[in-house]
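Residue strings, one per chain:
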Amino acid sequence: MYYPFSWIKSVARLCLFLLFFALVGWYVNDMLLAVAMGATGLLLVNYWQLFKLNRWLWHSRKMSPPAVNGLWEHIYEGIYYLQRRNRNKRKELGALVKRFREGSEALPDAAVVVDANACIIWCNRLARLELGLRWPSDAGRRLDNLIRHPEFIEYFHAGKYHFPIEVPSPLNAQKSFEYRIMPYGEEHLLLIARDVTRLSQLEEMRKDFVANVSHELRTPLTVITGYLEILPDSDEQANPFIKKAYYEMSAQTLRMQNLIEDLLVLSRIEASSERIYENTVDMAAMLKQIKIEADALNKGKKHQIQFHLDHGERIYGIETELRSACSNLIFNAINYTPAGGQIDVYWSYSKEGGKFLVKDNGDGIEQQHLSRLTERFYRVDKARSRKTGGSGLGLSIVKHVLNHHNSKLQINSRVGEGSEFFFEVGDAMIASQD
Ligand code: ADP
């Protein structure tokens, strides 16, 4: 039973105790000695209680406190209450950690937590099975000493975790893992590794399939075009139906050829393992060459096309890919701007990097289409796009090329005013002129 502690009661009891000894001392005529004896007795009793408390705290196995009275009962009760509270808290915390561990064991991915020094704090069962970590013997060991793939180590130390990387499994080179790192708390990192073997196999199969089909279709198409070219098309006497069929066949084979060419370009870019930092491109010179082709394409449309080029600086990159991206953007502006429009092409650079921009004063594109323009085969107006011979792959090619060059296609467009297609490359992409 807990009684609230009262200081007044305790002081009154002490006074009564000393008063009793004082009275005895007065009776035997030595008050000082009697009070001193009483105080010594009190001191000894308290020391004895302290000794018992120490024994209970450090040596006793019993949780419940020994039975005592008075002030000491309050002290024992207080300590006992604190102990019980701590034990309950520990239990709750233990249950929480257990539930969290069970949850993370149920994760379909390998998960590892490392501290600010890259030392492993915790890992789940899949991390042990798939990444070969041992638990608990690997706790406290550096993660980059256990997963030794150079690409992973580079990614781990670069500190730029906003994109995942894909590298072979440390245990089985046939398996591919996607590693994603998420910083949290006080410089802790959570590493999630997902088995993407099947996905990358499917992706490879898809790429190979598209590349092979496009390649195989090219030959029969060349034969058909060849025969169409040698057929007499200007024969005034010819049956009008045959004439119509001839023109339709020529237009459709041309469209199909463009489509196949674009598919092959896309496959090549996707499969490209060329490193962008191994070559440099003179953008201004390359755009000058594209201008010749643009002028030829512009003959029917009669747009005012102006090129504003900053000369002198080269950028890191792959010329064939950048040529394909820039010409796609310029040719689109020519094709989709109504005749007699104004098209401006800019290549400029500053300390921050370079910027390529194609601006037209065409019909513009409605806002809802902008985010989908770079999807394969996405067209705003299918019929119109077909007339221009477009495959619907142009902006998809641009997106892949820019992705490969660490950049991104950006589009500003207003219906009735025109469009701006542009991309920027950072200063690290500008090759020094030495
Ligand atoms: P396509 O091969 O059909 O031209 P793209 O991927 O190059 O395909 O372009 C996708 C769509 O974006 C086009 O069908 C067209 O509707 C629209 N588009 C692209 N460039 C422009 C532009 N400069 N002005 C207006 N619409 C454009």
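Just so it is clear, the model here is predicted, and its values are computed rather than measured.

1. Structural notes on the sheet that holds strand 1 (residues 110-114)
(1) Moving on: Pairing is antiparallel across the open sheet formed by 5 strands, whose spatial order is 2-1-5-4-3. With partners counted over all chains shown, the strands left at the sheet margins are strand 2 (120-123) and strand 3 (165-168), one partner each. Each neighbouring strand pair of the sheet contributes to a mean axis angle of 25 degrees, computed without reference to strand direction.
(2) Moving on: Of the strand pairs in this sheet, strand 1 and strand 5 (residues 188-195) are connected by 5 bridges, and their pairing is antiparallel. Bridging across to strand 5, Ala 110 finds its partner in Ala 193.
(3) Moving on: Sheet contacts for helix 5 (residues 150-158): strand 1, strand 3, strand 4 (176-184) and strand 5; angle to strand 3, the most-contacted strand, approximately 150 degrees.

2. Section: helix 9 (residues 319-336)
(1) Moving on: Taking 1.5 Å per residue as the helical rise, helix 9 with its 18 residues ought to reach 26 Å, and the 25 Å between its terminal C-alpha atoms agrees with that figure.
(2) Moving on: For helix 9, the set of buried residues is Glu 321, Leu 322, Ser 324, Ala 325, Cys 326, Ser 327, Asn 328, Leu 329, Ile 330, Ala 333 and Ile 334.

3. Considering the pattern of salt bridges
Close approach of charged atoms allows side chains of opposite charge to pair.
(1) Moving on: Counting across every chain of the model gives 15 salt bridges.
(2) Moving on: Lys 175 is the salt-bridge partner of Asp 195, the closest N and O atoms lying 3.9 Å from each other. With Asp 195 in strand 5 and Lys 175 in the loop between strand 3 and strand 4, this pair connects stretches of sequence that are 20 residues apart.
(3) Moving on: Shared partners join several salt bridges into a network, and the residues in it are Glu 203, Arg 206, Glu 270 and Arg 376.

4. Topic: unusual backbone geometry
Backbone phi values are negative for most residues with the exception of glycine, while trans is the configuration of most peptide bonds.
(1) Moving on: A cis amide bond links Trp 135 with the next residue in sequence, Pro 136, at an omega value of 10 degrees.
(2) Moving on: Here Pro 136 shows up in the loop between helix 4 (125-131) and helix 5.
(3) Moving on: Residues other than glycine seldom take positive phi values, yet Asn 406 does so here, at roughly 55 degrees.
(4) Moving on: With respect to the helices and strands, Asn 406 occurs in the loop between helix 12 (394-404) and strand 11 (410-414).
(5) Moving on: With relative accessibility at 55%, the residue Asn 406 sits in the exposed group.

5. A short note on the packing of helix 6 (residues 197-230) against helix 7 (residues 240-271)
(1) Moving on: Interaxial distance between helix 6 and helix 7 falls to 9 Å at its minimum, and their mutual angle equals 150 degrees. Between helix 6 and helix 7, the crossing angle belongs to the class labelled roughly antiparallel. The two elements helix 6 and helix 7 meet at a crossing, and its hand is left-handed. Side by side, helix 6 and helix 7 meet where Arg 206, Lys 207, Val 210, Ala 211, Ser 214, His 215, Leu 217, Arg 218, Leu 221, Ile 224, Thr 225 and Leu 228 of the first sit next to Tyr 246, Met 249, Ser 250, Thr 253, Met 256, Gln 257, Ile 260, Glu 261, Leu 263, Leu 264, Ser 267 and Glu 270 of the second.
(2) Moving on: For the contact of helix 6 with helix 7, a count of residues per class yields 12 nonpolar, 7 polar and 5 charged.

6. As for the domain arrangement of the protein
(1) Moving on: For the protein, the assigned domains are domain 1 (7-99), domain 2 (107-195), domain 3 (200-271) and domain 4 (276-431).
(2) Moving on: Using only C-alpha atoms to locate each centre, domain 2 and domain 3 end up separated by 48 Å.

7. So, helix 2 (residues 31-58)
(1) Moving on: Helix length check: helix 2 (28 residues) gives 41 Å between terminal C-alpha atoms against 40 Å at 1.5 Å per residue, within 8%.
(2) Moving on: Buried within helix 2 are the following residues: Ala 34, Gly 38, Gln 49, Lys 52, Leu 53 and Trp 56.
(3) Moving on: Structurally, helix 2 contributes buried residues whose contacts are with helix 1 (7-28) and helix 3 (71-105).

8. Quick word on the pairing of strand 3
(1) Moving on: By the alternation rule, side chains of strand 3 split into Ile 165 and Val 167, which are all buried, and Glu 166 and Pro 168, of which none is buried.
(2) Moving on: Sheet analysis places strand 3 next to strand 4, joined by 4 bridges and oriented antiparallel. For Pro 168, the partnering residue across the bridge sits in strand 4 and is Ser 176.

9. Structural notes on the packing of aromatic side chains
(1) Moving on: The full count for this structure, using the stated rule, is 13 aromatic pairs.
(2) Moving on: Note on Phe 20 and Phe 21: the rings are 5.5 Å apart at their centroids and 85 degrees apart in plane angle, and the pair reads as edge-to-face.
(3) Moving on: Exposure remark for Phe 21: the relative accessible area of 22% places this residue in the partly exposed category.
(4) Moving on: For the ring pair Trp 56 and Tyr 76, a centre distance of 5.5 Å and an interplane angle of 65 degrees mean the geometry is edge-to-face. With Trp 56 in helix 2 and Tyr 76 in helix 3, the pair connects residues that are 20 residues apart, well separated along the chain.
(5) Moving on: The buried category is assigned to Trp 56, whose relative accessible area is 7%.
(6) Moving on: Ring-pair connections join several aromatic residues into one group, and the members of that group are Phe 152, Phe 156, Phe 177 and Tyr 179.
(7) Moving on: The side chain of Lys 355 reaches across the aromatic face of Phe 422, ending 4.6 Å from its centre.

Thresholds applied
- Each chain carries its own residue numbering, running from 1 in the direction its sequence is written.
- Totals for whole chains, interfaces and linings use all residues, but because this is a predicted model, local features are given only for residues with pLDDT of at least 70 and pairs of side-chain atoms are given and counted only at 80 or more.
- By convention in this description, side-chain values take in all heavy atoms of the structure and omit both hydrogens and water.
- Strands qualify as paired when DSSP identifies two bridges or more between them.
- Numbering goes from the N terminus for both helices and strands, where a helix is a DSSP run of H or I of at least four residues and a strand is a run of E of at least two.
- An axis is simply a line fitted to the C-alpha atoms; with a helix, the fit covers only the stretch in contact. Between two such axes, the angle follows the N-to-C directions and lies from 0 to 180 degrees.
- A contact between two residues is defined here by any heavy atoms of the two lying within 4.5 Å.
- Given the number of residues in a helix, its expected span is that number minus one, multiplied by 1.5 Å.
- Each residue gets one of three labels from its accessible area relative to the maximum for its type: buried under 20%, exposed over 50%, partly exposed in between, using a 1.4 Å probe on protein chains only.
- Salt bridges are defined by distance alone: a side-chain nitrogen of Lys or Arg within 4 Å of a carboxyl oxygen of Asp or Glu.
- These descriptions rest on fixed angle ranges, namely under 35 degrees for roughly parallel, over 145 for roughly antiparallel, 65 to 115 for roughly perpendicular, and the rest for oblique.
- Handedness of a crossing is defined here by the sense of rotation of the near helix relative to the far one, left-handed for an anticlockwise turn of less than a right angle and right-handed for a clockwise turn.
- By the convention adopted, Pro, Cys, Tyr, Trp, Phe, Met, Ile, Leu, Val and Ala count as nonpolar, Lys, Arg, Asp and Glu as charged, and the other residues, Gly among them, as polar.
- For the purposes of this description, domain bounds are those given by an automatic or database domain assignment.
- Between 30 and 60 degrees the pair is tilted, below 30 it is stacked and above 60 it is edge-to-face, where a pair is any two Phe, Tyr or Trp rings, Trp via its six-membered ring, whose centres lie within 6.5 Å.
- We call a charge positioned above a ring when the Lys NZ or Arg CZ atom is no farther than 6 Å from the ring centre and deviates by at most 35 degrees from the ring normal.

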